[in-house]
Amino acid sequence: TNKQTNKQTNMSSVQSKAKELNARMEGAATALMDDLDRRTVRPIAHQSYKCVVQCFDKAGAKESSQFLNTCSQQCQIPYQQSNQILQQEFGQFQQRLNRSMQTCQDQARDQLVPGQETNA
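This report concerns the structure included in the present document. (Residues numbered from 1 in each chain as written. Predicted model: local features only at pLDDT ≥ 70, side-chain atom pairs only at ≥ 80, totals over all residues. Heavy atoms only, no water.)

1. So, the state of the cysteines
Argument step 1. One pass over the full model with this rule turns up two disulfides.
Argument step 2. Between Cys51 and Cys75 runs a disulfide, and the two sulfur atoms are separated by 1.9 Å. In this structure the cystine formed by Cys51 and Cys75 twists about its S-S bond by roughly -60 degrees; its chirality is therefore left-handed. Of this pair, Cys51 sits in helix α1 (residues 2-59) while Cys75 sits in helix α2 (residues 65-112), and the two are 24 residues apart along the sequence.
Argument step 3. Residue classification places Cys51 among the partly exposed positions, given a relative accessible area of 26%.
Argument step 4. A residue is classified by how much of its surface remains accessible, and Cys75, at 5% relative accessible area, is buried.
Argument step 5. Between Cys55 and Cys71 runs a disulfide, and the two sulfur atoms are separated by 1.8 Å. As the torsion about the S-S bond is roughly -75 degrees, the Cys55-Cys71 disulfide counts as left-handed. Here Cys55, found in helix α1, pairs with Cys71, found in helix α2; they are 16 residues apart in sequence, far enough to count as distant.
Argument step 6. Accessibility expressed as a relative area gives 0% for Cys55, which makes it buried. (Disulfide = S-S within 2.5 Å. Helix = DSSP H or I, 4+ residues; strand = E, 2+ residues; numbered from the N terminus. Buried < 20%, exposed > 50% of the residue type's maximum accessible area, 1.4 Å probe, protein only.)

This is the structure in structure tokens:
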């Protein structure tokens, strides 16, 4: 019927807009992650690697490999922690975003095509 065709066309339009919005949000999220990496994580990584070089300087020919390993591992902790926090926060943000998008998609589907299942 004509009414059902209009509803399906509207649903298709909404799905298309949702996909476009999702692509834009993913692009913005990627740009944000890149910016955070450049401004925050890389300077911490840089300091960590400088610290490792200092471990080698301190160890020289006298210290054991155990000293060098322990010192190097200690230097890497701030970088590892900052990277882990950034990944956790971004993952939680993505989960919230996905839940919100699914809720919106469900509400739109319910309004446009009540009782009919469609592939999103």
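Following the structure, the description resumes.
2. Looking at the side chain of Ser72
Argument step 1. By secondary structure assignment, the location of Ser72 is in helix α2.
Argument step 2. Residues within four places of Ser72 in sequence aside, it is in contact with Val52 and Cys55. (Contact = heavy atoms within 4.5 Å.)

3. Here we look at the pattern of salt bridges
Argument step 1. One pass over the structure, following the stated rule, counts three salt bridges.
Argument step 2. Its salt-bridge partner being Arg24, residue Glu20 comes within 3.9 Å of it at the nearest N-O pair. Here Glu20 pairs with Arg24, and both are found in helix α1, just four residues apart, close to one helical turn.
Argument step 3. In this structure, the salt-bridge partner of Asp35 is Arg39, at a minimum N-O distance of 2.8 Å. Remark: Arg39 and Asp35 occur in helix α1; sequence separation between them is four residues, near one turn of the helix.
Argument step 4. A relative accessible area of 25% means that Asp35 is categorised as partly exposed. (Salt bridge = Lys/Arg side-chain N within 4 Å of Asp/Glu carboxyl O.)

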